[in-house]
Amino acid sequence: MSIAVCLLLYAAVVCVVAPRLLPPLTRRGSAPRAAVAVWLIVLFSVLASWAAAAAALVVYAARTWTRPDPLAVRACFAAWRSAAAGQHGVSTQIGLWVLTLVVGTLTVTLAARVGRSLLRGRASSRRHARSAHIIGRRVAGVDGLVLDAPQKMAYCLGGRPATIVITTAAIATLEPPHLDAVLAHERAHLAGRHHLLLAATRALAASMPRIRLFTVAETEIAGLLEMCADDTAARRHGASPLLAAILALAGADPIPSAALGANTVGVCARVTRLTDPDTAAARIRARLLLAAVTAAIVFGPFVVWAAVHDLTPLGLKPCGPFSA
């Protein structure tokens, strides 16, 4: 029981602190791949803590169902002794079961919402890709499907089949080096499976819009994924052609919700980092800061587990609500 309480407290702290701490460290994109990894570790740590806490509650309730132990219950609920007004035994056991039921229901409901959101996003992407293959056409020198449309758009759709879509208006606007940079940007999205990461973060944000961690993570990761694709395209075709392409397509009509495009997310920040790239020292400093944050997050649950099981390096014995 104490493990569940500790994990829930740990997850609550991360949900409050991470949305305030991480954006200033990651938004400039000094190390976009490392920043994406840190955000994913944060999200995974919270979800894993919730799942582990729910499992611990269910296991504890199952163990004490046929042999209720008031002393064990009082030990677990020592932190809530004053709120319980001295009432233990049956009422406390009922409260434990209610809490277990609530946590289990919330866990199942959350998993169902995220699953439905992922399925809807995948279905939407596949429908759009099929439509693009029906109405689009192949053009020599263009690695993608060309749609006859007055809107200047270039984007990619993940899944099967993975598809790059570009309109005739965009092709008419872009010079050949700029077009090559845009297509390299979209290929980088597909090669990095960025659509899967974006689908997962969108599903979490849509399922839990009131928890700021997930909404902030969706926005930040989307921008960082664009920067990752920018870096790949810039290495192959140079920063200047990519920058010119982004500016040429900026302000175009919005792309489909399930797609990833070169001109849709974080344009100002991406233009800034392309025109004024960070120094090598700044990139190293950013990676070190992100590594420190990652270490704190990764080892947080282990510290909790050590405190509960009396395995801290100093050999201090946990007491009160954290005693077994």
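This structure is a prediction, so every number in the text was calculated from the model and none was measured.

K.L.:
Can you walk me through a positive patch on the surface in this structure?
P.N.:
On the surface, a cluster of positive charge is contributed by Arg122, Arg126, Arg127, Arg130, Arg160 and Arg193. Within the secondary structure layout, Arg193 lies in the loop between α7 (176-191) and α8 (194-207).

K.L.:
What am I meant to see in helix α11 (residues 267-275) here?
P.N.:
Helical periodicity: at 3.6 residues per turn, an α-helix aligns residues three or four positions apart in one direction. For α11, the full list of buried residues reads Arg270, Val271, Arg273 and Leu274. Buried residues along α11 cover an arc of 165° about the axis, so they all sit on one side.

K.L.:
Would you take a moment to explain the pairing of strand β3 (residues 154-157) for this structure?
P.N.:
Sheet faces and side chains relate simply in a regular strand, where the side chains alternate between the two faces. Covered by surrounding structure in β3 are Ala154 and Cys156 together with Tyr155 and Leu157, the residues of both alternating faces. With 4 bridges connecting them, β3 and strand β4 (residues 163-167) associate as antiparallel partners. Of the residues in β4, the one forming a bridge with Leu157 is Thr163. As consecutive antiparallel partners, β3 and β4 are separated by 5 residues, and within that stretch Gly159 has a phi angle of approximately 100°, a positive value.

K.L.:
Looking at this model, I keep getting lost on the pattern of salt bridges. Mind explaining?
P.N.:
Overall, the coordinates contain 7 salt bridges when judged by the stated rule. Taking the shortest distance from any N to any O, the salt bridge between Asp230 and Arg270 comes out at 2.7 Å. Of this pair, Asp230 sits in helix α9 (residues 212-237) while Arg270 sits in helix α11, placing them 40 residues apart in sequence. Just as Asp230 is buried, Arg270 falls in that class too. One salt-bridge network, in which partners are shared between bridges, spans Glu226, Asp230 and Arg270.

K.L.:
Honestly, the confidence of the model for the chain in this entry has me stumped. Any pointers?
P.N.:
The predicted coordinates ought not to be read in detail in places where the model reports low pLDDT. In the predicted model, the chain carries a mean pLDDT of 78, and 75% of its residues have values of at least 70. At the low end of the mean pLDDT range in the chain sits helix α4 (residues 81-84), at 37; at the high end sits α9, at 93. Within the model, pLDDT remains below 50 along residues 68-88, and this stretch shows 23 contacts once partners closer than five positions in the same chain are excluded. A low-confidence stretch, residues 311-324 stays under pLDDT 50, and its non-local contacts, those more than four residues away or across chains, total 23 contacts.

K.L.:
Which parts of the structure should I look at to understand the nonpolar core?
P.N.:
When a protein is soluble and globular, its nonpolar side chains tend to lie buried together. Formed by 33 residues in total, the largest nonpolar core has its most connected members in Leu22, Trp39, Val42, Leu43, Val46, Leu213 and Phe214. Elements with a contribution of two residues or more to this core: α1 (2-26), α2 (32-64), α5 (90-135), α8, α9 and α12 (280-308). If sequence neighbours within four positions are ignored, Leu22 has contacts with Val38, Trp39, Val42 and Val293. Within the second largest apolar cluster, 14 residues are counted, among which are Ala154, Cys156, Ile164 and Leu174.

K.L.:
Hey, could you run me through the side chain of Glu220 in this one?
P.N.:
When you line up the elements, Glu220 lands in helix α9. Residues in contact with Glu220, not counting those within four places in the same chain, are Pro23, Thr26, Arg27 and Trp39.

K.L.:
In this structure, what is going on with the environment of His237? I would like to understand it.
P.N.:
Looking at where His237 falls in the secondary structure, it is placed in helix α9. According to the relative accessible area criterion, His237 is partly exposed, its value standing at 31%. As a C-alpha pair, His237 and Ala181 span 56 residues in sequence and 5.8 Å in three-dimensional space. If we ignore the near neighbours within four places in the chain, the residues touching His237 are Asp180, Ala181, Ala184 and Arg187.

K.L.:
What should I look at first to understand the environment of Ala222 in this one?
P.N.:
Looking at the element boundaries, Ala222 is found in helix α9. Since its relative accessible area comes to 12%, Ala222 is described here as buried. For Ala222 and Arg202, which are 20 residues apart along the polypeptide, the C-alpha to C-alpha distance reads 9.4 Å. Once you skip the residues sitting within four places of it in the chain, Ala222 turns out to touch Leu198 and Val265.

K.L.:
How should the packing of α7 against α9 be read in this particular structure?
P.N.:
Geometry of a packed helix pair, given as the angle between the helix axes and the separation of the axes. Between α7 and α9, whose axes approach to 8 Å, the crossing angle comes to 130°. Comparing their axes, α9 and α7 come out oblique. Considering only the axes of α7 and α9, their crossing is right-handed. Where α7 abuts α9, its residues Asp180, Ala181, Ala184, His185, Arg187, Ala188 and His189 lie against Leu225, Glu226, Ala229, Asp230, Thr232, Ala233 and His237.

Each value, and the rule that gives it
Residues numbered from 1 in each chain as written. Predicted model: local features only at pLDDT ≥ 70, side-chain atom pairs only at ≥ 80, totals over all residues. Heavy atoms only, no water. Patch = residues over 30% accessible without salt bridge, like charges linked within 9 Å, V, L, I, M, F, W, Y side chains within 5 Å. Areas by Shrake-Rupley, 256 points an atom, 1.4 Å probe, with all protein chains shown as cover. Salt bridge = Lys/Arg side-chain N within 4 Å of Asp/Glu carboxyl O. Lys, Arg positive; Asp, Glu negative; His and termini not counted. Charge placed at Lys NZ, Arg CZ, Asp CG, Glu CD. Helix = DSSP H or I, 4+ residues; strand = E, 2+ residues; numbered from the N terminus. Buried < 20%, exposed > 50% of the residue type's maximum accessible area, 1.4 Å probe, protein only. Arc of directions from axis to C-beta. Pairing = 2+ DSSP bridges. pLDDT = per-residue confidence, 0-100. Contact = heavy atoms within 4.5 Å. Core = buried A, V, L, I, M, F, W, Y, C linked by side-chain atoms within 4.5 Å. Axes fitted to C-alpha atoms, helices over the stretch in contact; angles between N-to-C directions. Parallel < 35°, antiparallel > 145°, perpendicular 65-115°, else oblique. Left-handed = near helix turned anticlockwise from the far one by under 90°.

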